[in-house]
Amino acid sequence: MKKTILFFLLLFSISNLCSAQEWMASLDIAKRLALVQDKLVLMLWENATVEPYPVLVKSKNGIPVIQDLLGNEGFNEIIWEHFVPVIVNENKYPELYKQIKGKRTQSYIDKFNDDTIKVMDINGNIINVTLQYDMGYLDLANFIKTYAIDTSYLKAELTNYREKANFNTAYRLSTKYLDYAALVNDKLRPEIVILSNIYLKEASTYLLNERQENIEALEQKVELLKLKQFLLLNKPKKVLRQLKRIEPSEVDESNASLFAFLHFTSYGLLKDETNASVWRSKVSLVNLKKASLIINSNF
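This write-up is about the structure you can find in this document. Everything numeric in this text was worked out from a predicted model, so none of it was measured.

### Points about the sheet that holds strand β3 (residues 64-68)
Spatially, β3-β2-β6 is the arrangement adopted by the 3 strands of the open sheet, whose pairing is mixed. At either margin of the open sheet sits one strand with a lone partner, and together these are β3 and β6 (138-139).

Encoded structure:
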């Protein structure tokens, strides 16, 4: 009963914050709300909000102008429509940095440290690591067009991972993010692939620490999924070169479907129908649809 009351009190406080259009102050609550609303989190360090945060927008005449993102109520309404925004106190930095220390690229760490807006998934992983600003300022319209996505497609895997992070939930979330990468816009696709790789690396770490049956087959599954990342980036020749190093007889039965999918999709991207047809019968209907999405997204 107490848990139920606390839950509704949390929802009430969240709804009040949203209606007031105030940026949230708790990253944990923002992540929970983002999961419920199928959105991404928009995060700023508190020190970055001491002064105006300039963004590039177009006036009614279509002329680019610089305005303060944080001091405009209309901007806040737009941000809340597409994201869950949160301002994080600097005292949270050590705790958050500890979670990523030694686990991320230098460019990721640099993005984590700077004063620019960070787009995060509901687990706090930054997506917009490679974003470049036009004229040195964030183009608000293009930013929203790129990152305002509906994450309901990922909800089951995000929820399972959030409830219990292990090899299976991390691997499945990585796989789902790769499937989702074929559905998002061209600018966002490479960043979703990078995000997928974060979870795949995490799955590999769990594999080292968990007692899993048939561990060699699972290690092979991870290596094959790495190759799928290159298909989303339209690098089929690289995938085929790697596949040639694997003897078909060495492919575990549980990975045969993924092995066939990688071949079929690679040849599909190369428009090599002759070789693609060799693998088509070995690919399930579900995977044929996924292959079609990848192929179409790259043309």
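### As for the side chain of Thr265
Here Thr265 shows up in helix α12 (residues 256-269). The class of Thr265 is buried, set by a relative accessible area of 0%. Within the local environment of Thr265, its side chain forms a polar contact with the backbone oxygen of Phe261, the two atoms lying 2.8 Å apart. In contact with Thr265, not counting residues within four places along its chain, are Leu231, Ala291, Ile294 and Ile295.

### Some details on helix α3 (residues 73-82)
All of the buried residues along α3 are Phe75, Asn76, Ile79 and Trp80. For α3, the arc enclosing every buried residue in end-on projection is 135°, short of the 170-degree limit, so these residues lie on one face. Of the residues flanking the start of α3, the one acting as N-cap is Asn72, its side-chain oxygen 2.8 Å from the backbone nitrogen of Gly74.

### Brief notes about a nonpolar patch on the surface
There is a patch of nonpolar side chains on the surface, built from Tyr153, Leu183 and Leu293 and spanning about 250 Å² of accessible area. Tracing the sequence through the fold places Tyr153 in the loop between α6 (140-147) and α7 (155-163).

### Side note on the sheet that holds strand β1 (residues 40-45)
Strand order in the open sheet formed by 3 strands is β4-β1-β5, and the pairing between neighbours is mixed. Of all the strands in the sheet, just β4 (83-88) and β5 (118-120) have a single pairing partner and so form its edges. Each strand of the sheet is rotated relative to its neighbour by a mean of 30°, with strand direction disregarded. The sheet contact formed by β1 and β5 spans 3 bridges and is antiparallel. Pairing of Val41 across the sheet is with Met120, part of β5. Where α3 meets the sheet, it contacts β1 and β4, and its direction lies at approximately 115° from that of β4.

Here is what the cut-offs are and how they apply
- Every chain is numbered on its own, with residues counted from 1 as its sequence reads.
- Note on the predicted model: pLDDT of at least 70 is required for a residue's local features to be given, and 80 or more for side-chain atom pairs to be given and counted; whole-chain, interface and lining totals, by contrast, use all residues.
- Side-chain descriptors were evaluated using all non-hydrogen atoms of the structure, hydrogens and water having been removed beforehand.
- Strands pair, by our definition, only if DSSP identifies at least two bridges between them.
- Runs of H or I in DSSP of at least four residues are treated as helices and runs of E of at least two as strands, each being numbered from the N terminus.
- For every residue, the accessible area obtained with a 1.4 Å probe (protein chains only) is divided by the maximum for its type, and the residue is called buried under 20%, exposed over 50%, and partly exposed between those limits.
- Between N or O atoms, a polar contact is any pair within 3.5 Å; within protein, one atom must be a potential hydrogen donor and the other a potential acceptor, and residues adjacent in sequence are included only when both atoms are from side chains.
- Should any heavy atoms of two residues lie within 4.5 Å, those residues are considered in contact.
- What the arc describes is the spread of directions from the helix axis to the C-beta atoms.
- In this scheme, patches are assembled from residues that exceed 30% relative accessible area and form no salt bridge. Like charges are connected within 9 Å, while nonpolar side chains (Val, Leu, Ile, Met, Phe, Trp, Tyr) are connected within 5 Å.
- Per-residue and other accessible areas follow the Shrake-Rupley method at a 1.4 Å probe size, with only the shown protein chains counted as cover for residues.
- A carboxyl oxygen of Asp or Glu within 4 Å of a side-chain nitrogen of Lys or Arg is what we treat as a salt bridge.
- Lines fitted to C-alpha atoms define the axes here, with helix axes fitted over just the stretch in contact, and angles between the N-to-C directions of these axes take values from 0 to 180 degrees.

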